[in-house]
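# Overview (structure and organization)
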Amino acid sequence: MSVLMDVSQDSTFQYEVFGHSDPISSVKNSAIFAGSQKISPEEFEAIARYIIDEAPGSLYAHTGIKSEPLSQFEVVIPQINLSPPSSTLLQWNSGKIFLGDVHSESLFLLNRDMEVLKQAKLEEGIVDLIETPEAYIICTMGSFTPSDQPRGKIFSLPKNGGRVKTLIDKLIRPVDMKIADLNQDGRTDIVVCEFGKWQATFGWWEQQADGTFKKNILRKMPGAIAAEVTDMNGDQLPDITALFGQGDEGV
(Lines give C-alpha, C1' and ligand atoms only; values in the text may rest on other atoms or scores of the structure.)
Protein backbone atom coordinates (compact mmCIF):
# COMPACT_ATOMS: atom_id res chain seq x y z
CA MET A 1 0.00 0.00 0.00
CA SER A 2 1.26 3.45 -0.83
CA VAL A 3 -0.49 6.74 -0.20
CA LEU A 4 0.52 10.37 -0.03
CA MET A 5 0.76 10.66 3.72
CA ASP A 6 1.51 13.43 6.16
CA VAL A 7 5.24 13.58 6.77
CA SER A 8 4.71 12.64 10.41
CA GLN A 9 3.23 9.26 9.43
CA ASP A 10 4.85 6.05 8.24
CA SER A 11 4.44 5.64 4.47
CA THR A 12 6.57 2.54 3.87
CA PHE A 13 5.61 0.65 0.73
CA GLN A 14 6.91 -2.89 0.21
CA TYR A 15 7.09 -3.57 -3.49
CA GLU A 16 7.65 -6.54 -5.74
CA VAL A 17 11.20 -7.68 -6.42
CA PHE A 18 11.65 -8.17 -10.15
CA GLY A 19 13.48 -11.11 -11.64
CA HIS A 20 16.75 -10.38 -13.39
CA SER A 21 17.10 -11.88 -16.87
CA ASP A 22 20.45 -12.04 -18.67
CA PRO A 23 20.82 -8.60 -20.34
CA ILE A 24 23.71 -9.69 -22.59
CA SER A 25 21.79 -12.61 -24.07
CA SER A 26 18.73 -10.42 -24.48
CA VAL A 27 20.65 -7.86 -26.56
CA LYS A 28 22.34 -10.59 -28.62
CA ASN A 29 19.03 -12.26 -29.41
CA SER A 30 17.49 -8.96 -30.50
CA ALA A 31 19.98 -8.68 -33.41
CA ILE A 32 20.62 -5.00 -32.60
CA PHE A 33 24.31 -5.51 -33.26
CA ALA A 34 25.71 -7.37 -36.24
CA GLY A 35 26.88 -10.89 -35.55
CA SER A 36 29.89 -10.54 -37.82
CA GLN A 37 32.29 -7.80 -38.98
CA LYS A 38 30.78 -5.63 -41.73
CA ILE A 39 33.76 -3.50 -42.80
CA SER A 40 37.43 -4.31 -43.08
CA PRO A 41 40.10 -2.80 -40.78
CA GLU A 42 41.38 -0.83 -43.78
CA GLU A 43 37.94 0.69 -44.40
CA PHE A 44 37.62 1.61 -40.74
CA GLU A 45 41.02 3.29 -40.75
CA ALA A 46 40.08 5.25 -43.89
CA ILE A 47 36.91 6.54 -42.20
CA ALA A 48 38.86 7.49 -39.07
CA ARG A 49 41.50 9.36 -41.10
CA TYR A 50 38.83 11.28 -42.99
CA ILE A 51 37.16 12.43 -39.77
CA ILE A 52 40.48 13.50 -38.24
CA ASP A 53 41.63 15.29 -41.40
CA GLU A 54 38.36 17.22 -41.73
CA ALA A 55 38.14 18.22 -38.06
CA PRO A 56 39.17 21.79 -37.13
CA GLY A 57 42.54 22.24 -35.45
CA SER A 58 40.99 23.90 -32.41
CA LEU A 59 37.63 24.85 -30.94
CA TYR A 60 36.19 28.22 -31.84
CA ALA A 61 36.38 30.76 -29.03
CA HIS A 62 33.17 32.54 -28.06
CA THR A 63 33.59 36.22 -27.20
CA GLY A 64 31.29 39.00 -26.16
CA ILE A 65 29.00 36.84 -23.98
CA LYS A 66 27.96 38.58 -20.77
CA SER A 67 26.36 37.00 -17.74
CA GLU A 68 23.96 39.20 -15.77
CA PRO A 69 21.90 38.32 -12.68
CA LEU A 70 18.11 38.00 -13.04
CA SER A 71 16.81 40.58 -10.59
CA GLN A 72 13.17 39.56 -11.08
CA PHE A 73 13.76 36.19 -9.39
CA GLU A 74 14.53 35.27 -5.80
CA VAL A 75 16.11 32.01 -4.67
CA VAL A 76 13.99 30.10 -2.14
CA ILE A 77 15.73 27.18 -0.41
CA PRO A 78 13.28 24.39 0.51
CA GLN A 79 13.37 22.72 3.91
CA ILE A 80 13.81 19.29 2.32
CA ASN A 81 17.43 18.15 1.97
CA LEU A 82 18.01 15.08 -0.19
CA SER A 83 21.58 13.81 -0.46
CA PRO A 84 22.87 13.02 -2.95
CA PRO A 85 20.57 15.16 -5.14
CA SER A 86 18.71 12.82 -7.46
CA SER A 87 15.53 14.52 -8.63
CA THR A 88 13.70 12.78 -11.47
CA LEU A 89 10.47 14.78 -11.34
CA LEU A 90 9.63 18.42 -10.63
CA GLN A 91 6.09 19.43 -11.46
CA TRP A 92 3.80 22.32 -10.60
CA ASN A 93 0.05 21.64 -10.45
CA SER A 94 -2.30 24.44 -9.33
CA GLY A 95 -0.14 25.68 -6.48
CA LYS A 96 1.17 22.25 -5.56
CA ILE A 97 4.76 21.18 -6.18
CA PHE A 98 5.56 17.52 -6.78
CA LEU A 99 9.13 16.28 -6.38
CA GLY A 100 10.30 12.78 -7.28
CA ASP A 101 13.58 11.49 -5.84
CA VAL A 102 15.30 8.38 -7.15
CA HIS A 103 17.47 7.46 -4.16
CA SER A 104 14.71 7.66 -1.56
CA GLU A 105 12.23 6.24 -4.10
CA SER A 106 9.76 8.83 -2.88
CA LEU A 107 7.24 11.34 -4.13
CA PHE A 108 7.01 14.57 -2.13
CA LEU A 109 4.17 17.11 -2.14
CA LEU A 110 5.25 20.67 -1.27
CA ASN A 111 3.31 23.90 -0.90
CA ARG A 112 4.12 27.34 -2.35
CA ASP A 113 6.49 28.00 0.56
CA MET A 114 8.47 24.85 -0.34
CA GLU A 115 7.31 23.06 2.80
CA VAL A 116 6.83 19.29 2.60
CA LEU A 117 3.20 18.40 3.20
CA LYS A 118 3.06 14.75 2.27
CA GLN A 119 5.31 11.91 1.14
CA ALA A 120 4.70 8.59 -0.60
CA LYS A 121 7.18 5.73 -0.88
CA LEU A 122 7.00 4.29 -4.38
CA GLU A 123 9.60 2.73 -6.68
CA GLU A 124 12.78 3.89 -8.38
CA GLY A 125 12.69 6.86 -10.71
CA ILE A 126 9.38 8.74 -10.54
CA VAL A 127 9.42 10.64 -13.85
CA ASP A 128 5.85 11.65 -14.65
CA LEU A 129 2.63 12.49 -12.84
CA ILE A 130 -0.83 13.22 -14.19
CA GLU A 131 -3.51 14.48 -11.81
CA THR A 132 -7.11 13.36 -12.32
CA PRO A 133 -10.12 14.24 -10.13
CA GLU A 134 -9.81 10.92 -8.26
CA ALA A 135 -6.12 9.99 -8.34
CA TYR A 136 -2.55 10.70 -9.33
CA ILE A 137 -1.33 8.63 -12.27
CA ILE A 138 2.39 8.05 -11.68
CA CYS A 139 5.09 6.63 -13.95
CA THR A 140 8.31 5.14 -12.56
CA MET A 141 11.35 4.23 -14.65
CA GLY A 142 12.32 1.19 -12.59
CA SER A 143 15.98 1.94 -13.29
CA PHE A 144 17.65 5.35 -13.11
CA THR A 145 20.73 4.08 -14.94
CA PRO A 146 20.54 2.87 -18.57
CA SER A 147 18.87 -0.52 -18.62
CA ASP A 148 16.63 -2.80 -20.65
CA GLN A 149 15.24 -4.52 -17.58
CA PRO A 150 11.40 -4.33 -17.59
CA ARG A 151 11.01 -2.75 -14.15
CA GLY A 152 9.01 0.36 -15.04
CA LYS A 153 5.44 0.78 -13.87
CA ILE A 154 2.44 3.07 -14.08
CA PHE A 155 0.46 3.41 -10.86
CA SER A 156 -2.82 4.96 -9.82
CA LEU A 157 -2.42 6.61 -6.42
CA PRO A 158 -5.87 7.52 -5.00
CA LYS A 159 -6.26 10.95 -3.48
CA ASN A 160 -8.49 9.58 -0.73
CA GLY A 161 -5.73 7.41 0.71
CA GLY A 162 -6.89 4.11 -0.79
CA ARG A 163 -4.66 1.34 -2.05
CA VAL A 164 -2.24 2.01 -4.87
CA LYS A 165 -3.15 0.18 -8.08
CA THR A 166 -0.66 -0.95 -10.71
CA LEU A 167 -2.12 -0.13 -14.12
CA ILE A 168 0.79 -1.27 -16.29
CA ASP A 169 4.01 -3.06 -15.36
CA LYS A 170 7.08 -4.60 -17.02
CA LEU A 171 7.87 -1.39 -18.90
CA ILE A 172 11.41 -0.83 -20.19
CA ARG A 173 12.59 2.39 -18.56
CA PRO A 174 9.55 4.59 -19.36
CA VAL A 175 10.13 8.34 -19.14
CA ASP A 176 6.88 9.98 -20.28
CA MET A 177 3.18 9.20 -20.59
CA LYS A 178 -0.07 10.80 -21.76
CA ILE A 179 -3.66 9.75 -21.09
CA ALA A 180 -6.52 10.07 -23.59
CA ASP A 181 -9.40 8.11 -25.09
CA LEU A 182 -7.56 7.22 -28.28
CA ASN A 183 -10.07 4.84 -29.85
CA GLN A 184 -13.20 6.69 -28.74
CA ASP A 185 -14.63 3.80 -26.72
CA GLY A 186 -15.23 5.85 -23.57
CA ARG A 187 -12.24 4.41 -21.70
CA THR A 188 -8.97 6.19 -20.91
CA ASP A 189 -5.90 4.83 -22.71
CA ILE A 190 -2.24 5.56 -21.98
CA VAL A 191 0.55 6.53 -24.40
CA VAL A 192 3.94 5.42 -23.03
CA CYS A 193 7.47 6.45 -24.02
CA GLU A 194 9.77 3.57 -23.15
CA PHE A 195 13.27 4.97 -23.51
CA GLY A 196 15.11 1.80 -22.56
CA LYS A 197 18.73 1.43 -23.61
CA TRP A 198 19.08 -0.92 -26.57
CA GLN A 199 15.60 -2.39 -26.60
CA ALA A 200 12.32 -0.58 -26.04
CA THR A 201 9.18 0.49 -27.87
CA PHE A 202 6.87 3.45 -28.24
CA GLY A 203 3.18 2.66 -28.11
CA TRP A 204 -0.23 3.08 -26.54
CA TRP A 205 -1.97 0.88 -24.03
CA GLU A 206 -5.67 0.31 -24.71
CA GLN A 207 -7.86 0.02 -21.63
CA GLN A 208 -10.06 -3.06 -21.74
CA ALA A 209 -13.56 -3.44 -20.34
CA ASP A 210 -12.15 -5.16 -17.22
CA GLY A 211 -9.75 -2.28 -16.49
CA THR A 212 -6.62 -4.01 -17.75
CA PHE A 213 -4.45 -2.57 -20.53
CA LYS A 214 -3.40 -4.08 -23.88
CA LYS A 215 -0.20 -2.88 -25.57
CA ASN A 216 -0.19 -1.54 -29.14
CA ILE A 217 3.28 -0.86 -30.57
CA LEU A 218 3.64 2.25 -32.73
CA ARG A 219 7.41 2.13 -33.16
CA LYS A 220 9.69 -0.74 -32.17
CA MET A 221 12.71 1.34 -31.23
CA PRO A 222 14.25 2.72 -28.01
CA GLY A 223 14.73 6.40 -27.29
CA ALA A 224 11.19 7.79 -26.99
CA ILE A 225 11.54 10.90 -24.81
CA ALA A 226 8.19 12.68 -24.86
CA ALA A 227 4.77 12.38 -26.47
CA GLU A 228 1.82 14.66 -27.09
CA VAL A 229 -1.79 13.75 -27.89
CA THR A 230 -3.82 16.36 -29.74
CA ASP A 231 -5.99 16.76 -32.84
CA MET A 232 -3.41 17.75 -35.46
CA ASN A 233 -5.59 17.74 -38.59
CA GLY A 234 -8.97 18.90 -37.31
CA ASP A 235 -10.82 15.61 -37.80
CA GLN A 236 -11.98 15.57 -34.15
CA LEU A 237 -9.80 12.53 -33.42
CA PRO A 238 -6.64 12.42 -31.26
CA ASP A 239 -3.28 12.26 -33.02
CA ILE A 240 0.01 11.21 -31.41
CA THR A 241 3.41 12.85 -31.84
CA ALA A 242 6.62 11.66 -30.21
CA LEU A 243 10.15 12.95 -29.75
CA PHE A 244 12.98 10.41 -30.09
CA GLY A 245 16.63 10.47 -29.10
CA GLN A 246 19.13 7.66 -28.46
CA GLY A 247 20.92 7.82 -31.79
CA ASP A 248 17.87 8.28 -34.02
CA GLU A 249 16.77 11.79 -33.09
CA GLY A 250 13.55 13.03 -34.62
CA VAL A 251 9.81 13.59 -34.25
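Here we summarise the structure given alongside this text. (Residues numbered from 1 in each chain as written. Predicted model: local features only at pLDDT ≥ 70, side-chain atom pairs only at ≥ 80, totals over all residues. Heavy atoms only, no water.)

## Observations concerning the overall build of the protein chain
Within the protein chain, the regular secondary structure consists of two helices and 15 strands. Here the protein chain holds 251 residues, and 39% of them are scored as buried. For the protein chain, the proportion of contacts with a sequence separation of at least 24, taken over those separated by at least 6, is 39%. Carbon together with sulfur atoms contributes 53% to the accessible area of the protein chain, which is approximately 15,800 Å² in total. If you average the places of the 22 positive and of the 35 negative side-chain charges in the protein chain, the two averages end up 5 Å apart. (Helix = DSSP H or I, 4+ residues; strand = E, 2+ residues; numbered from the N terminus. Buried < 20%, exposed > 50% of the residue type's maximum accessible area, 1.4 Å probe, protein only. Contact = heavy atoms within 4.5 Å. Areas by Shrake-Rupley, 256 points an atom, 1.4 Å probe, with all protein chains shown as cover. Lys, Arg positive; Asp, Glu negative; His and termini not counted. Charge placed at Lys NZ, Arg CZ, Asp CG, Glu CD.)

## Let's talk about the environment of P174
Within the secondary structure layout, P174 lies in strand β10 (residues 174-180). Judged by its relative accessible area of 0%, P174 falls in the buried class. The sequence separation of P174 and G152 amounts to 22 residues, and the corresponding C-alpha distance is 6.1 Å. If near-sequence neighbours (up to four positions away) are discounted, P174 is found in contact with V127, C139, T140, M141, G152, K153, V192, C193, E194 and F195.

## Description of unusual backbone geometry
The residue after S83, namely P84, is reached through a cis peptide bond having omega -5°. A positive phi is found at K170, a non-glycine position, where the angle reads about 60°. Structurally, K170 is set in strand β9 (residues 165-171). Relative accessible area serves as the criterion here: at 59%, K170 is assigned to the exposed category. The backbone of R173 shows a phi angle near 50°, a positive value even though the residue is not glycine. Mapped onto the elements of the fold, R173 is located in the loop between β9 and β10.

## Some remarks on the pairing of strand β13 (residues 213-219)
When strand β12 (residues 202-207) meets β13, the two strands line up antiparallel, connected through six bridges. Residue pairing in the sheet places G203 in a bridge with I217 of β13. Between the end of β12 and the start of β13, which pair antiparallel, lie five residues, with G211 showing a positive phi angle near 90°. (Pairing = 2+ DSSP bridges.)

## With respect to the environment of D113
Following the sequence through the fold, D113 ends up in the loop between β4 (106-110) and β5 (116-121). When its relative accessible area of 57% is taken as the criterion, D113 is described as exposed. C-alpha of D113 to C-alpha of G162: the two residues are 49 residues apart in sequence and 27 Å apart in space.

## Examining the sheet that holds strand β11 (residues 189-194)
As summarised here, the arrangement of the four strands in space is β10-β11-β12-β13, forming an open sheet in which the pairing is antiparallel. Only two strands of the sheet have a single partner each, and these edge strands are β10 and β13. On average, each strand axis in the sheet is tilted by 25° relative to the strand beside it, whichever way the strands run. (Axes fitted to C-alpha atoms, helices over the stretch in contact; angles between N-to-C directions.)

## Quick look at the sheet that holds strand β8 (residues 152-158)
Two modes of strand pairing occur in sheets, parallel and antiparallel, and in both the strands are linked by backbone hydrogen bonds. The strand order β6-β7-β8-β9 describes an open sheet built from four strands, whose pairing is antiparallel. This sheet does not close on itself; its edge strands, each paired only once, are β6 (126-131) and β9. Adjacent strand axes in the sheet meet at a mean angle of 15°, parallel and antiparallel pairs treated alike. Pairing of strand β7 (residues 135-140) with β8 involves six bridges; the strand directions are antiparallel. The partner of A135 across the bridge, within β8, is P158.

## A few points about the pattern of salt bridges
All told, the structure shown has seven salt bridges when counted by the stated rule. A salt bridge links E131 to K96; the shortest N-O distance between them is 2.8 Å. With E131 in strand β6 and K96 in strand β3 (residues 96-101), this residue pair connects regions lying 35 residues apart in the sequence. Owing to a relative accessible area of 28%, E131 belongs among the partly exposed residues under this scheme. One salt bridge connects D185 with R187, and the closest N-O pair in it is separated by 3.3 Å. Note on R187: relative accessible area 30%, which makes it partly exposed. One connected set of salt bridges, linked through shared partners, spans K96, E131 and K159. (Salt bridge = Lys/Arg side-chain N within 4 Å of Asp/Glu carboxyl O.)

## Considerations on the pairing of β10
Burial analysis of β10 places five of its seven residues in the buried class, which makes it a mostly covered element. Strand direction decides the pairing type here: β10 and β11, joined by six bridges, are antiparallel. When the sheet's bridge partners are listed, M177 is paired in β11 with V192.

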